[in-house]
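So you can see what is in the structure, the chains are spelled out below.
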Amino acid sequence: MKTFKIGGIHPNDNKFSAGKRILPVALPKQVIIPLAAYLGAPSVAVVEKGEKVKAGQLVGKANGFVSSNVHSSVSGKVVKIEPALDASGYKRMSVFIDVEGDEWMEGIDRSTEIIRECRLTKEEIIQKIHDAGIVGLGGATFPAHVKLTPPPGKKAEVLVINAVECEPYLTCDHQLMMEHTEEILIGISILMKALQVERTVIGIENNKKDAIELFKNRIQARSFDGIEVVALKVQYPQGGEKQLIDAAIGRQVPSGALPIEVGAVVQNVGTVFAIYEAVQKNKPLIERVVTITGKSLLNPGNYMVRIGTPLANVVELAGGMPADTGKIIGGGPMMGRALMSLDIPTAKGSAGVLFMAEDEARRKEMKNCIRCAKCVSVCPMGLEPFLLMAQGEREMWPEMENDRVMDCIECGSCSYTCPANRPLLDYIRQGKFTVSGIIRNRKTPNP
Amino acid sequence: MNEQIHNPAQQKSAEKLLVVSPAPHIHSGDSISKNMLGVIIALIPAYLVALYFFGLGALIVSITAVISCMLFEYLIQRFLFRSKSVTIGDGSAILTGLLLSFNLPSNLPVWMVVLGALVAIGIGKMSFGGLGNNPFNPALVGRVFLLISFPVQMTSWPRPIPMNMQYLDAETGPTVLAMIKNHFGQLPETTDMLIGNMGGSLGEVSAIALLIGLAYMLIRKIITWHIPVSILFTVFAFTGILYLVNPETYASPLVHLLTGGLLLGAIFMATDYVTSPMSKVGMIIYGIGIGIITVVIRVFGAYPEGVSFAILIMNAFTPLINAYIKPKRFGEKIKK
């Protein structure tokens, strides 16, 4: 069975919410919609305090190419526009909307009817995706239209669909695939048209056999041409863009390059569903599936949540915060961020909320490096985390750059594996931050 | 109740303060002591064979070595380093003691064993700053110190006698490699070499027991195959060529593989985490180096056995190997 070639770990997957149907979450009293809850330049507010808005109405306009539109997820009244704490732990400019009723913008098709035909041109599709504010829903929240517009001279050959969901605990993508198989396949066809590629590979890890079967059957039954499903051996971090391309189509993206260098474009399966809704149903990205999970949680599950809904509202449905909670994580346990409270809004990149018990919440005491080389053998980028940490401790930035610190994808496999509990990734992350500053300065020297 | 109020941890939970730390938020549960314990478990088969063939002497030597290694580590950390945390609980001192004893003859006087442990822990390990910082394998530092200081005692090997109750007065004889070097004596049968019915240091004699230990460590993923296989293959190939050239003078490659502590060295000594290279290719280069130096010492050198020296010499090259041999990077071609 296919997988990526270098490194990798096998954490317990703990998918407690697997197979739980996606449940809608009641509208909250107020939503907080961040104007910059994605990677790129913040959008510019186009509504004012006191203005009435409908669900699906534009509230933040994309500011530049690598930026994205932001829409209201509810109908109601804008009460204020000011910074609010979000999942990243920073305060960002956000639109606060008090919910009144549930009135949607005209032209948005909210029925469950599946619309198969798409007569739009390549440019029209990309424009619609841009207008709908679609960003990568796998976690990086990179604006989707940017990936669909290869730089001049580069041509996409293969579309790779990331349906791996290699993070332990999370099941939102899996459940979406089970409930919206056909919509996702139509979304893929639309993307193939937008990119003008003949071939798509859907990479699914073998712990989701039901999804693999379902997709294979649907592709055959509805004769979707050029789409193939590849079952991948379960291994973290297979959902890493470079690892997935290696696993699914056997091409290695060169160090420092983007996937388009090897002719690949990767989109997350949740993003594909959002693209289907945007193109076929005129629906902007204003809700997403969120997994609420944890070992002590009463009722782990998958929920369809309007963007901006406070996470506390969603958690209530899952049985409330467990008494033994020591840490709350936004996202999965490997790459997610620890949250300071549940009073933050659901963002476009919020794949899950994970409750960890107190006994798991704290790191163990760090010991001397025993040079066991386990971090080296698990690193999916072929780096030497022990060395990068030692360099980081001594602030040896040029050496870190030389040892390819910028290649690190921050998957956390090294820290996960280290028998001495060394915080390898912490130092590497700091090194990446400093080294990227040094590289920027070199490219644009001060006058 | 009072206790609860004064306990800050309890207070925190009452206020529901959350832990906030960077990802990853889960850990494999692996630890230094688990790895050390794994190696110790892998040594059990060879230890049982040692107890069977060398009896009381093996028991006295091994227990002395383990206790003195732990004691010296404790004393040095407590009174020389004056450090609050003492690491004898991590199992590495126990392992050093066990491995040291495995490299000693079972009739070695207790005071020599204690001296060896002092050198192993004091000079081999703690003088560099403790576990993780030592460039040389501590157990081998202890053993080589004893070998050079007390060559007579360190090369008179008790004959294997089942359930032996003799210690210092044990009947001794040469090892197989010494017989070959000096051209005398009848070599033991291959089956005896496999099960360990031959003269030698405590833990080196039984090939089967050592290979069981290797299999266990590979399955538990405590070590990878690269170092032991490259050492054994190199020794086999090198001595095989010599044997083909002249079977009269040179012993067969099988004899070389099964004797002189090669398996003990290749499986347990050379694979020491701290002193071996980090990358897979580096491990293979290190293993080939050990194999070549071992054969050169055995066949052309003054000592009949060369595994310890070969490993120590290659230990010295480990930083150099680490600096030049990098693991295979993802996307080798750099895009500027």
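Peer 1: Can you walk me through the interface of chain B and chain A in this structure?
Peer 2: In many reports, interface size means the accessible area that the parts give up when they come together. At the junction of the two partners, chain B supplies 32 residues and chain A supplies 51 residues. When the residues that make up the side of chain B that touches chain A are grouped by side-chain class, the tally is 15 nonpolar, 10 polar and 7 charged.

Peer 1: Just to check I follow, could you spell out the pairing of strand β8 (residues 91–99) of chain A for this structure?
Peer 2: Where a strand is regular, its side chains alternate between the two sheet faces. All names here are of chain A. Alignment of strand β2 (residues 30–34) against β8, held across 5 bridges, turns out to be antiparallel. Residue pairing across strands places Ile33 opposite Val95, the latter belonging to β8. Pairing between strand β7 (residues 76–85) and β8: 9 bridges, direction antiparallel. Pairing of Ile81 across the sheet is with Val95, part of β8.

Peer 1: What's the story with the domain arrangement of chain A in this structure? I'm lost.
Peer 2: Residue and element names in this part refer to chain A. For chain A, the assigned domains read domain 1 (24–99), domain 2 (122–281), domain 3 (289–361) and domain 4 (374–443). The centre of domain 1, based on its C-alpha atoms, is set 21 Å off from the matching centre of domain 3. Contacts between the two partners involve 17 residues from domain 1, matched on the other side by 21 residues from domain 3. Broken down by element, the side of domain 1 that touches domain 3 gets its largest block of residues, 4 residues, from β2.

Peer 1: What should I look at first to understand the nonpolar core in this one?
Peer 2: Side chains that are nonpolar tend, in soluble globular proteins, to be buried together. If you look at the biggest cluster of nonpolar residues, it comprises 231 residues, and the most contacted ones within it are A:Ile129, A:Val160, A:Ile275 and B:Cys69. Among the elements that take part in this core, helix α3 (residues 32–80) of chain B stands out by supplying 19 residues, more than any other.

Peer 1: Any chance you could explain the environment of A:Ser341 here in plain terms?
Peer 2: Tracing the backbone through its elements, the reader meets A:Ser341 in the loop between β16 (337–339) and β17 (352–357). Once the C-alpha coordinates of A:Ser341 and A:Ile81 are considered, the two residues, 260 residues apart in sequence, prove to be 21 Å apart.

Peer 1: Would you take a moment to explain the sheet that holds strand β11 (residues 227–232) of chain A for this structure?
Peer 2: Where strands meet in a sheet, backbone hydrogen bonds hold them as pairs that are either parallel or antiparallel. All names here are of chain A. The 4 strands are arranged β11-β10-β9-β12 in an open sheet whose pairing can be described as parallel. Lying at the two open borders of the sheet, with one neighbouring strand each, are β11 and β12 (264–268). The mean inter-strand angle of the sheet, taken between neighbouring strand axes irrespective of direction, is 25 degrees. Note that strand β10 (residues 199–205) and β11 share 6 bridges and pair parallel. Looking across to β11, one finds that Ile202 is bridged to Val229. Sheet strands in contact with helix α5 (residues 209–221) are β10 and β11, and its direction is about 165 degrees off that of β11. Against the sheet, helix α6 (residues 241–249) touches β9 (158–163), β10, β11 and β12, its axis set at about 115 degrees to β9.

Peer 1: Before we go on, may I ask you to explain the sheet that holds strand β3 (residues 44–45) of chain A in this structure?
Peer 2: Spatial ordering of the open sheet is given by β3-β5-β6 (chain A), a layout of 3 strands whose pairing is antiparallel. Taken across any chain shown, the strands that pair with only one partner, and hence form the sheet edges, are β3 and β6 (70–71) of chain A.

Rules used in this analysis
- Residues numbered from 1 in each chain as written.
- Chains lettered and ligands numbered in written order.
- Predicted model: local features only at pLDDT ≥ 70, side-chain atom pairs only at ≥ 80, totals over all residues.
- Contact = placed C-beta atoms within 7 Å.
- Nonpolar A, V, L, I, M, F, W, Y, C, P; charged D, E, K, R; others polar.
- Pairing = 2+ DSSP bridges.
- Helix = DSSP H or I, 4+ residues; strand = E, 2+ residues; numbered from the N terminus.
- Domains from an automatic or database assignment.
- Core = buried A, V, L, I, M, F, W, Y, C linked by C-beta atoms within 7 Å.
- Buried ≥ 20, exposed ≤ 12 C-beta atoms within 10 Å, placed from the backbone.
- Axes fitted to C-alpha atoms, helices over the stretch in contact; angles between N-to-C directions.

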